[in-house]
Amino acid sequence: MELPIEKKITHKAYVYGSIFTLSNRLQLLGDRRYKDLSLKQAFVLWNISLYDDYFLNLKDIAQIVGTSSQNVKKIINILEKKGFAKVGKDETDRRSLRVALTSKGKEYYLERGKKEEQYMEELFTDFDDEMLMGLYQGLYKLMEKTAQEQGGK
């Protein structure tokens, strides 16, 4: 049976709306999986961990995770209070704050890494390589487009 809504929504509109719905669902599921952190906090922590011991500034982190410096600052403050991150002033620009993981933050993500890999396998279990690559390419292109419109890279 074809629903009336299927006649009113284009594929582009469906994809656009589904991204919002999927984002909300993933956040709810993620918040249930993490005991010490919210999914957003864990996502920021994970992105910082990709840069090893390089001290990213708030603007760098905001650009990487796709949010504002103010939002990142709030998340970093929480991560710092919980002992997962450390914040220091930039040596050349004292106005800029630099962020890195503490040993607790690094250990947390090493521990979580295996569980996250397992979760990714379960989440994408019904995707063959072609479907996954198509989704990857489409999302990558959409990310590039929105970054250009936002004035980013």
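Look up a bit, the structure's there.
Read on for a plain summary of the structure. The structure displayed is predicted, hence computed values, not measured ones. (Residues numbered from 1 in each chain as written. Predicted model: local features only at pLDDT ≥ 70, side-chain atom pairs only at ≥ 80, totals over all residues. Heavy atoms only, no water.)

From N to C terminus, the protein chain includes seven helices and three strands. Based on the C-alpha atoms only, the size of the protein chain along its principal axes is roughly 60 × 35 × 25 Å. Split into buried and exposed, the 153 residues of the protein chain put 24% on the buried side. Considering only intrachain contacts with a sequence separation of at least 6, the fraction spanning at least 24 residues in the protein chain is 48%. Roughly 11,900 Å² of accessible area belongs to the protein chain as shown, and the carbon and sulfur atoms make up 56% of that amount. Separation between the mean location of the 26 positive side-chain charges and that of the 23 negative ones in the protein chain comes to 9 Å. (Helix = DSSP H or I, 4+ residues; strand = E, 2+ residues; numbered from the N terminus. Buried < 20%, exposed > 50% of the residue type's maximum accessible area, 1.4 Å probe, protein only. Contact = heavy atoms within 4.5 Å. Areas by Shrake-Rupley, 256 points an atom, 1.4 Å probe, with all protein chains shown as cover. Lys, Arg positive; Asp, Glu negative; His and termini not counted. Charge placed at Lys NZ, Arg CZ, Asp CG, Glu CD.)

This paragraph deals with the packing of helix α2 (residues 11–33) against helix α6 (residues 103–123). Where α2 contacts α6, the two axes come as close as 13 Å, and the packing angle between them is 145°. Taken as a pair, α2 and α6 cross one another with a handedness that is right-handed. Residues L26, L29 and R33 of α2 form the contact with α6, whose participating residues are R112, E116, Y119 and L123. Here the residues of the contact of α2 with α6 sort into four nonpolar, no polar and three charged. (Axes fitted to C-alpha atoms, helices over the stretch in contact; angles between N-to-C directions. Left-handed = near helix turned anticlockwise from the far one by under 90°. Nonpolar A, V, L, I, M, F, W, Y, C, P; charged D, E, K, R; others polar.)

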